[in-house]
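Listed here are the chains, written in short residue letters.
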Amino acid sequence: MAMYRYRRVDWKSDAVLDIPLSQARIAVVTTAAFHTPDQPAFDESLRGGDVSFRLIPVGTRLEDLRIAHRSDAFDHRGIEADKNLALPLDRLEELARDRRIGCVAPRHVSFMGSIPAPARLIAATAPEVAGLLCSDGVDGVLLTPV
Amino acid sequence: MIEGAGIPTVSITLLREVTEQVGPPRALSIDRPLGFPLGRPHDAAGQRRIIMSALEMLSVPVTAPLIRAFDDDPLVDPPGL
């Protein structure tokens, strides 16, 4: 596996889920590089990594998603066999049905990991994603790496 | 950024030692290979246990990074699930 210099995340936050989880709207942000067939694939050739993202609407059939991840640092067979491992839309629907969570967010976010130069991600992409999640009324986010 | 917008987050981590360096607000450490962040393919019950263990951390206020290890005890699953 390529060894990157890891940046310590500089955060100060009082964000906390202050409603019952059974009432919360939950979204997933994954780095598994999923995209729908009508969306462009991630660009594996970009120096420093592709910092773009794809929005995956709730109700998307997971079997229709494509995987565009460039990394050979992980075993792809898991997410190829079951995309719920990184984007658990089916699992969230089950949890909502069973009232363990309130509901599933209308949109979920897919990045391609392998971003060794994250400055553009931090400056531009991440704030845009935060704004989208806010506008969707998301109460909490599950981040799934691969 | 998402936390800065007022939305709490929780990460799954498969590399605890890396997460300890990066220091996100909340992380659930899973003992699985890279590429299997929510457990085993098609193990719906197991995936739900991991997801719920992670989501329950959203209610914990944090002023410093919080990492919990996933307790792979199937008995914690409520009956009927």
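So, a few notes on the structure that sits alongside this text. Remember, it's a predicted structure, so these values are computed and weren't measured experimentally.

## Quick notes on the overall build of chain A
Right, on to step 1. A count of helices and strands for chain A gives three helices and seven strands.
Right, on to step 2. In chain A, the order of α-helices and β-strands from amino to carboxyl end is β-β-β-β-α-α-β-β-α-β.
Right, on to step 3. Within chain A, residue pairs in contact and separated by at least 24 positions form 79% of the contacts whose partners lie at least 6 positions apart.

## A word on the interface of chain B and chain A
Right, on to step 1. Taken together, the contact pairs 39 residues of chain B with 43 residues of chain A.
Right, on to step 2. Elements with a contribution of two residues or more to the side of chain B that touches chain A: strand E1 (9-13), helix H1 (16-22) and helix H2 (44-55) of chain B.
Right, on to step 3. Residue contributions to the side of chain B that touches chain A peak at seven residues, all from H2(B).
Right, on to step 4. Classifying every residue of the side of chain B that touches chain A gives 26 nonpolar, 10 polar and three charged.
Right, on to step 5. In the sheet, strand E7 (residues 140-144) of chain A pairs with E1(B) via three bridges, with the strands oriented parallel. Bridge pairing in E1(B) links Val141(A) to Thr9(B).

## Digging into unusual backbone geometry
Right, on to step 1. A positive phi angle is found at Arg99(A), which is not glycine, with a value near 60°.
Right, on to step 2. By secondary structure assignment, the location of Arg99(A) is in the loop between helix H2 (89-97) and strand E5 (103-104).

Quick notes on the rules
Residues numbered from 1 in each chain as written. Chains lettered and ligands numbered in written order. Predicted model: local features only at pLDDT ≥ 70, side-chain atom pairs only at ≥ 80, totals over all residues. Helix = DSSP H or I, 4+ residues; strand = E, 2+ residues; numbered from the N terminus. Contact = placed C-beta atoms within 7 Å. Nonpolar A, V, L, I, M, F, W, Y, C, P; charged D, E, K, R; others polar. Pairing = 2+ DSSP bridges.

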